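Observations on chain architecture
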Amino acid sequence: MKARYDEIYHDIRRNIEAGTYAYQSYLPSEAVLTGMYACSHSTVRRAIAVLRDNGYVQPVHGKGVRVTYREPERESFSVGGIESFDEARRRSGFSSTTRVVAFEHMQATQAIADQTGFAPGDELFAVERVRTIDGEALILDRNFFLASAAEGLTPQIAEASIYNYLENTLGITIAMSKREITGERATDRDRELLDLDDVDYLAVVKSQTFDAQGTMIEYTQSRHRLDHFCFRSTAVRQGV
């Protein structure tokens, strides 16, 4: 079950993205928010802290909490936070479909272990999915999930939302993700599955995701057509 502050964070975030709280305007006061959500001041402050860390607001001493979010010009995916494709789709409002092109229950070979960080012999689900956005196949996701953490995973679930299944059906807490972003030449497999036109390079996001016990449960390589995407991150200077 998600914490109360997380529910408030997502509700305020949805209102900001919808324009209810416009760019450069101020959120309702802390006193008003505690009344709206029937919660404590500390819960509101924690929700505001998460909004700040994700680039949605900036507390201004003596004035309140100012909205700093602007709608991106391109489809965007968060680098700083942990966000599923479905969450990014709902946030950005683009039209999309997901097609599972490969699904396998397998053991990690030494080569896969070297690539992903899993141990040789680990039982894994290997999933390959094509993401189509506004009618174009633009993203190729290659995922490895630890089978013991994703028990019962099926291609049908993978076509919908694996994170939703892990969190809301299996009760897994997704706690941390480490990412590396590179530019790589498109491969024959990329050209077979994606609408690349004359694009030769892809933005490739490699990530290792961990649960609340520190166990790595997922390794993903997400290959994006470079001219359609921006990757967002928010940095907060220490002491500000």
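Criteria and thresholds
- Residues numbered from 1 in each chain as written.
- Predicted model: local features only at pLDDT ≥ 70, side-chain atom pairs only at ≥ 80, totals over all residues.
- Heavy atoms only, no water.
- Helix = DSSP H or I, 4+ residues; strand = E, 2+ residues; numbered from the N terminus.
- Buried < 20%, exposed > 50% of the residue type's maximum accessible area, 1.4 Å probe, protein only.
- Contact = heavy atoms within 4.5 Å.
- Phe/Tyr/Trp six-rings, centres within 6.5 Å; stacked < 30°, edge-to-face > 60°.
- Lys NZ or Arg CZ within 6 Å of the ring centre and 35° of its normal.
- Salt bridge = Lys/Arg side-chain N within 4 Å of Asp/Glu carboxyl O.
- Axes fitted to C-alpha atoms, helices over the stretch in contact; angles between N-to-C directions.
- Parallel < 35°, antiparallel > 145°, perpendicular 65-115°, else oblique.
- Nonpolar A, V, L, I, M, F, W, Y, C, P; charged D, E, K, R; others polar.
- Core = buried A, V, L, I, M, F, W, Y, C linked by side-chain atoms within 4.5 Å.
- Arc of directions from axis to C-beta.
- Polar contact = N/O pair within 3.5 Å; in protein donor to acceptor, adjacent residues only side chain to side chain.

Right, let's talk about the overall build of the chain for a bit. In terms of regular secondary structure, the chain is built from eight helices and ten strands. Scored against the burial criterion, the 240 residues of the chain give a buried share of 41%. Restricting the contact set of the chain to residue pairs at least 6 apart, pairs at least 24 apart contribute 58%.

Phi at Ala-38 takes a positive value of approximately 50 degrees, unusual for a residue other than glycine. By relative accessible area, which is 72% here, Ala-38 ends up exposed. Although it is not a glycine, Asp-134 adopts a positive phi angle of roughly 50 degrees. Looking at the secondary structure, you find Asp-134 in the loop between strand E5 (123-133) and strand E6 (136-146).

On inspection of all chains with the given rule, the structure shows two aromatic pairs. Ring centres of Tyr-56 and Tyr-69 lie 4.9 Å apart, and the angle between their planes is 10 degrees; this geometry places the pair in the stacked category. Remark: Tyr-69 occurs in the loop between strand E2 (64-67) and strand E3 (75-78) and Tyr-56 occurs in the loop between helix H3 (41-53) and strand E1 (57-60); sequence separation between them is 13 residues. One exposure class covers both Tyr-56 and Tyr-69, and it is buried. Just above the ring of Tyr-23 sits the side chain of Arg-70; from NZ or CZ to the centre is 5.3 Å.

With that out of the way, let us pick up the pattern of salt bridges. A full pass over the atoms with the stated rule returns 16 salt bridges. Notably, a salt bridge pairs Arg-14 with Asp-11, separated by 3.7 Å at the nearest N-O pair. Pair noted here: Arg-14 and Asp-11 are both in helix H1 (residues 4-17), with a separation of three residues, about one helical turn. Asp-11 gets classed as partly exposed once you look at its relative accessible area, which sits at 27%. Across the pair Glu-128 and Arg-189 runs a salt bridge, and its minimum N-O distance is 2.6 Å. A residue pair is termed long-range when its members are at least 10 positions apart, and Glu-128 in strand E5 and Arg-189 in helix H8 (residues 188-193) qualify at 61 residues. The exposure class of Glu-128 is buried, given its relative accessible area of 11%. Residue Arg-189 is classed as partly exposed on the basis of its relative accessible area of 27%.

Here helix H2 (residues 30-37) crosses H3 at 105 degrees, and the two axes come no closer than 9 Å. Comparing the axis directions of H2 and H3 gives the class roughly perpendicular. Listed contacts from H3 to Glu-30, Ala-31, Leu-33 and Thr-34 of H2 are His-41, Val-44, Arg-45 and Ile-48. Here the residues of the contact of H2 with H3 sort into four nonpolar, two polar and two charged.

In this section: the nonpolar core. Counting residues in each nonpolar core, the largest one holds 26 residues, and the members touching the most others are Phe-118, Leu-124, Phe-144, Phe-145, Leu-153 and Leu-166. At the level of elements, E5, E6, helix H6 (155-160), helix H7 (162-169) and strand E9 (216-225) are the ones that each hand at least two residues to this core. Among all residues touching Leu-124, those that are not within four sequence positions of it are Glu-104, His-105, Met-106, Ala-108, Ile-112, Phe-118, Phe-144, Phe-145, Leu-146 and Ala-147. Tyr-9, Ala-47, Val-67 and Tyr-69 belong to the second largest nonpolar core, which has 18 residues in total.

Bringing H7 into the picture now. Listing the buried residues of H7 in full gives Ile-162, Tyr-163, Tyr-165 and Leu-166. For H7, the angular spread of buried residues about the axis comes to 165 degrees, placing them on one side. Exposed side chains of H7 directed beyond 90 degrees from the buried face belong to Asn-168 and Thr-169. Packing partners of the buried residues in H7 comprise E5, E6, H6, strand E7 (174-185), strand E8 (201-211) and E9. The residue sitting at the N-terminus of H7 and contributing the capping side-chain oxygen is Ser-161; that oxygen lies 3.2 Å from the backbone nitrogen of Asn-164.

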